[in-house]
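Residue-level structural notes
Next come the chains, spelled out residue by residue.
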Amino acid sequence: MDAKTVEAMVSDAIEGATVNVEGSGANYDITVVSDVFADMRPVRKQQTVYATINEAIASGSIHAVNIRTFTPAEWEEQGA
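The model shown is predicted, which means the values in this text are computed figures rather than measured ones.

**With respect to the sheet that holds strand S3 (residues 64-70)**
The 3 strands are arranged S1-S2-S3 in an open sheet whose pairing can be described as mixed. One side of each edge strand has no neighbouring strand; the edge strands of this open sheet are strand S1 (18-24) and S3. Each neighbouring strand pair of the sheet contributes to a mean axis angle of 10 degrees, computed without reference to strand direction. Bridge count for strand S2 (residues 27-33) against S3 is 7 bridges, and the pairing is parallel. Counterpart to Asp-29 in the pairing with S3 is Asn-66. Sitting on the sheet, helix H1 (residues 3-13) touches S1 and S2, and the angle it makes with S1 is about 150 degrees. Sheet strands touched by helix H2 (residues 42-59): S2 and S3. Its angle to S3, the strand with the most contacts, is close to 130 degrees.

Written as C-alpha cells, this is what we have:
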C-alpha cells in the first residue's frame, strides 16, 4: 500500500476533508482537516479516521499510523 492509496481511502470516507498522508510501506502519518470534527472529542476524531482504514489495518497492509485531526479553525491556529 502507498500513501496515495491511504489518502484516497480517508478522503473518500470523510466528505469534504483535506487529507495529507506521508510514509511508506505500512507506516503512515495522516493529517485530516474537516468540519466533521466540530464538537467531537479527540478520541472520537481518532476513531472516525481509524474507521476509514480499519480493513487495511486488519489485513496488515497498514501496521502503524500517527493521526492528527483538526477542524479548519484549529488548522488555521496551527499556522498551517
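Still to come is the rest of the account.
**Looking at H2**
Between the first and last C-alpha of H2 there are 26 Å, a value that for 18 residues agrees with the 26 Å anticipated at 1.5 Å per step. The largest bend along H2 measures about 60 degrees and falls at Ile-53. Those residues of H2 that sit buried are Lys-45, Thr-48, Val-49, Thr-52, Ile-53 and Ala-56. Along its buried surface, H2 packs onto H1, S2, S3 and helix H3 (72-77). One or two residues past the end of H2 sits Gly-60, with phi positive at roughly 90 degrees.

Parameters at a glance
- Residues numbered from 1 in each chain as written.
- Predicted model: local features only at pLDDT ≥ 70, side-chain atom pairs only at ≥ 80, totals over all residues.
- Heavy atoms only, no water.
- Pairing = 2+ DSSP bridges.
- Helix = DSSP H or I, 4+ residues; strand = E, 2+ residues; numbered from the N terminus.
- Axes fitted to C-alpha atoms, helices over the stretch in contact; angles between N-to-C directions.
- Contact = heavy atoms within 4.5 Å.
- Expected span 1.5 Å × (residues − 1).
- Bend = angle between axes of the 7 residues up to and from the residue.
- Buried < 20%, exposed > 50% of the residue type's maximum accessible area, 1.4 Å probe, protein only.

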